[in-house]
Amino acid sequence: KQEVTQIPAALSVPEGENLVLNCSFTDSAIYNLQWFRQDPGKGLTSLLLIQSSQREQTSGRLNASLDKSSGRSTLYIAASQPGDSATYLCAENTGNQFYFGTGTSLTVIP
Amino acid sequence: GAVVSQHPSWVICKSGTSVKIECRSLDFQATTMFWYRQFPKQSLMLMATSNEGSKATYEQGVEKDKFLINHASLTLSTLTVTSAHPEDSSFYICSARDPWTSGDGNEQFFGPGTRLTVL
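Residues numbered from 1 in each chain as written. Chains lettered and ligands numbered in written order. Predicted model: local features only at pLDDT ≥ 70, side-chain atom pairs only at ≥ 80, totals over all residues. Heavy atoms only, no water.

1. Concerning the overall build of chain B
So, point 1. The helix and strand inventory of chain B stands at zero helices and 11 strands.
So, point 2. Ordering the α and β elements of chain B from the N terminus gives β-β-β-β-β-β-β-β-β-β-β.
So, point 3. When the backbone C-alpha atoms are referred to their principal axes, chain B occupies close to 45 × 25 × 20 Å.
So, point 4. Burial status across chain B gives 50% buried among its 119 residues.
So, point 5. Relative to all contacts within chain B whose residues are 6 or more apart in sequence, the contacts with residues 24 or more apart total 55%.
So, point 6. When the accessible area of chain B is evaluated, it comes to approximately 5,800 Å², of which 53% is carbon and sulfur surface.
So, point 7. In chain B, 10 positive and 11 negative side-chain charges are present, and the distance between their average locations comes to 8 Å. (Helix = DSSP H or I, 4+ residues; strand = E, 2+ residues; numbered from the N terminus. Buried < 20%, exposed > 50% of the residue type's maximum accessible area, 1.4 Å probe, protein only. Contact = heavy atoms within 4.5 Å. Areas by Shrake-Rupley, 256 points an atom, 1.4 Å probe, with all protein chains shown as cover. Lys, Arg positive; Asp, Glu negative; His and termini not counted. Charge placed at Lys NZ, Arg CZ, Asp CG, Glu CD.)

2. Observations concerning the overall build of chain A
So, point 1. If you tally the helices and strands in chain A, you get zero helices and 11 strands.
So, point 2. In chain A, the succession of α and β elements from N to C terminus is β-β-β-β-β-β-β-β-β-β-β.
So, point 3. Its C-alpha atoms put chain A at 40 × 25 × 20 Å along the principal axes.
So, point 4. Sorting the 110 residues of chain A into buried and exposed places 45% on the buried side.
So, point 5. Across chain A, contacts joining residues at least 24 apart in sequence account for 54% of those joining residues at least 6 apart.
So, point 6. Only carbon and sulfur atoms are counted for the fraction: they give 48% of the accessible area of chain A, which is about 5,100 Å².
So, point 7. Of the charged side chains in chain A, 7 are positive and 9 negative; the average position of the first set lies 3 Å away from that of the second.

3. Some points on a nonpolar patch on the surface
So, point 1. Taken together, the side chains of Trp10, Ile12 and Leu119 of chain B define a hydrophobic patch exposed on the protein surface, amounting to about 390 Å² of accessible area.
So, point 2. Its place among the elements puts Ile12 of chain B in strand S2 (residues 10-13). (Patch = residues over 30% accessible without salt bridge, like charges linked within 9 Å, V, L, I, M, F, W, Y side chains within 5 Å. Salt bridge = Lys/Arg side-chain N within 4 Å of Asp/Glu carboxyl O.)

4. Structural notes on the interface of chain B and chain A
So, point 1. Each partner contributes to the interface: chain B provides 18 residues, whereas chain A provides 21 residues.
So, point 2. Approximately 1,400 Å² of surface area, both sides summed, lies buried where chain B meets chain A, with 49% of it carried by carbon and sulfur atoms.
So, point 3. The interface formed by chain B and chain A includes zero salt bridges.
So, point 4. Where chain B meets chain A, there are three residue pairs in polar contact (both at pLDDT 80 or more).
So, point 5. Across the side of chain B that touches chain A, the residue classes break down as eight nonpolar, five polar and five charged. (Buried area = accessible area lost by both parts, 1.4 Å probe. Polar contact = N/O pair within 3.5 Å; in protein donor to acceptor, adjacent residues only side chain to side chain. Nonpolar A, V, L, I, M, F, W, Y, C, P; charged D, E, K, R; others polar.)

5. A few points about the sheet that holds strand S3 (residues 19-25) of chain B
All names here are of chain B.
So, point 1. Read from one edge of the open sheet, four strands run S1-S3-S8-S7, paired in antiparallel fashion. The sheet is open, and its two borders are formed by strand S1 (4-7) and strand S7 (67-73), each paired with just one other strand. Between one strand axis and the next, the sheet turns through 15 degrees on average, direction left out of account. (Pairing = 2+ DSSP bridges. Axes fitted to C-alpha atoms, helices over the stretch in contact; angles between N-to-C directions.)

6. Considering the nonpolar core
So, point 1. Core analysis: the largest hydrophobic core is formed by 25 residues, its most contacted members being Val4, Trp35, Phe67, Leu79, Tyr92 and Leu116 of chain B.
So, point 2. For this core, the secondary-structure elements that each account for two or more residues are S2, S3, strand S4 (32-38), strand S5 (45-51), S7, strand S8 (76-81), strand S9 (90-97) and strand S11 (114-118) of chain B. (Core = buried A, V, L, I, M, F, W, Y, C linked by side-chain atoms within 4.5 Å.)

Bear in mind that shape data such as this cannot, by itself, settle questions of function.
Following this line, the structure appears as structure tokens:
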């Protein structure tokens, strides 16, 4: 059974700090990996999608990397802002379905 | 980008009643839709995969007679929670796969979710 783990479960940083969120997955036959943001009581907002053939994707202050051999992905957030406070989920796509991590709850302190 | 809507956004019902949740792809045709459930402080768990015009495939541990899924058209899937009980209270999220607009056809687009509270 595929498992997706996210560390840390919660993170609190001062505004302006750069930070890294970690995601580990067990299935090396990954199709793609997607990072999402979820605000309290809300649905998912897709942030970045990395195909299995790619090493990283960038969007604004966000950069996501993928290392299939080690089963890891990271989400780098530069110059964090209070508006970045949310839960961040990674999801492994095996081609047929997604397996979600448990999320990292991020709080950016003004 | 592709947009997926859900209706209602929240619903409160009495124990024993049935509740229907709709998931629509607004600007694309979704041959496959997925239903997820999220309990408080937990991640999303896939409940079932539905393909247009065929029966849904349920994940292990999900009662197909309790969670009825219909995917009668390429833009609409419905999830009916039958004889709902308080333990069914959860956040239900659907997603849709658009094989034509995403580069590899496997990107999923998520709806905003439906909060179900069963009293």
